[in-house]
Amino acid sequence: MQGAAQDAYGVGEQVRLAGRWLASAVAGALAEAGVDPAERRVAVLVGTGLRELRAVEEWHGDGAALRLAQLHFNEAVRSVAPAVTEVHTLANACAASGYALALAADLLDLEEADAVVVAGCDTMTESMLTMIGRVGTTTADTVRPFDQDRDGVLLGEGAAAVVLELPSDKPAFGHIRAVGIGCDAFHETAPDPNGIVATMRDAHQRAGITPADVDLVVAHGTSTALNDPTEATALAEIFGDLPTEQAPVVTGIKGAIGHTSGGAALMSVLVACRAMRTGTVPAVTGLRTAIPEAKPLSLVVGEPLAARPKVAQINAFGFGGVNAVTIVEAVDV
């Protein structure tokens, strides 16, 4: 677009790029972690659902400037961290940044990197907004996870990034115990409770914990007709045999920020870590009356809950049965 100012990697500011937010998040994460890619082997894994689809729409419909290379996030990352060893984009739907966490842990365990930046990012797109409007009979005006009056999901957007390193004496925001991943391929869009349960159990096994060890669940909670009862049923199967005092509290963040697609898993991980550090678990925004399947769960409703969870489970489920469940442990602060 003529006359538009240019950013660090050569696109006018009027083009809506997830990569611009991603670059800022990666730079901030590296600075806060005190990690210099010029001095250590640092890889970057980016989870996304739509990559730069909005920019493609603007290119196609409005003639906006866009280069093919910008559909991968390599240029965006290297505009702020040119010395990173590698940049990989994972387009794994709404579980993408959860998958990125799992692969980052593998890179560290295999000594293929000294540190890994894990990021998630997405923008709203016309095509996705159109699709959401066509999959149901109503149009949502707010997101109400697990609520009997929910009308569906609304999109959010943004980017988040963290730096993963092997455990050391260095201060940390949280400890990733494990990530369970799975692809049940049950249906193009409908979730499968069996696939979700299997992924939760895989996460617990990898983390070396039992359901009784989980203090907090940050649910996927999309406010859709299929996800909420399916996820609630799966959670009840995993945690339903526990006494009430041992059952984890359950919250979700999409009522507050919308569905951030590929960044959703990582954003929920950050909320879980914040809750463990501050002793405050946020309520499920928009939830008033729980659906029957969710009534056995200890949902946080109305006001934030004063609690100090030590172990949190974060759910992220994507189209095609792409599932990621992350187990995070609190660290001393």
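See the structure shown above.
Everything numeric here is computed off the predicted structure, so don't read it as measured data.

How should the environment of S79 be read in this particular structure?
Structurally, the position occupied by S79 is in the loop between α3 (74–78) and β2 (86–90). We classify S79 as partly exposed; its relative accessible area is 28%. Considered as a pair, S79 and A27 are 52 residues apart in the sequence and their alpha carbons are 9.4 Å apart.

Looking at this structure, how should I read helix α7 (residues 227–239)?
Residue pairs spaced three or four apart in an α-helix point in one direction, given the helix's 3.6 residues per turn. The first and last C-alpha atoms of α7 sit 18 Å apart over 13 residues, in line with the 18 Å expected at 1.5 Å per residue. Along α7, the residues that are buried comprise N227, D228, P229, T230, E231, A232, A234, L235, I238 and F239.

Would you take a moment to explain the environment of I196 for this structure?
Tracing the sequence through the fold places I196 in helix α6 (residues 193–207). Linking I196 and V325, residues 129 residues apart in sequence, is a C-alpha distance of 8.7 Å. Other than its neighbours up to four places away in sequence, I196 contacts D184, P191, T230, A234, F317 and N323.

Would you explain the nonpolar core in this entry?
Across soluble globular proteins, you tend to see nonpolar side chains buried next to one another. L45, L101, V116, V118, L164, L216 and I314 are the most contacted members of the largest nonpolar core, which has 39 residues in total. Taken together, the elements giving at least two residues each to this core come down to β1 (42–47), α4 (96–109), β3 (115–122), β4 (158–164), β6 (216–218), α9 (264–278), β11 (311–318) and β12 (322–329). At 8 residues, α9 tops the list of elements feeding residues into this core. Sequence-distant contacts of L101, that is, excluding residues within four places in its chain, are made with V118, V162, L164, V179, L266, V269 and T326.

Which parts of the structure should I look at to understand the pairing of β12?
Sheet faces and side chains relate simply in a regular strand, where the side chains alternate between the two faces. For β12, the tally of buried residues reaches 7 of 8 residues, placing the bulk of the element in the interior. Bridge analysis of strand β5 (residues 175–183) against β12 gives 8 bridges, and the strand direction is antiparallel. Across the sheet, residue C183 finds its bridge partner in β12, namely V322. Summarising the sheet, β11 and β12 pair through 8 bridges and their orientation is antiparallel. What sits directly across from G318, in β12, is V322. Between β11 and β12, which pair antiparallel and follow one another directly, the connecting turn spans 3 residues, one of which, G320, has a positive phi of 80°.

Analysis parameters
- Residues numbered from 1 in each chain as written.
- Predicted model: local features only at pLDDT ≥ 70, side-chain atom pairs only at ≥ 80, totals over all residues.
- Heavy atoms only, no water.
- Helix = DSSP H or I, 4+ residues; strand = E, 2+ residues; numbered from the N terminus.
- Buried < 20%, exposed > 50% of the residue type's maximum accessible area, 1.4 Å probe, protein only.
- Expected span 1.5 Å × (residues − 1).
- Contact = heavy atoms within 4.5 Å.
- Core = buried A, V, L, I, M, F, W, Y, C linked by side-chain atoms within 4.5 Å.
- Pairing = 2+ DSSP bridges.

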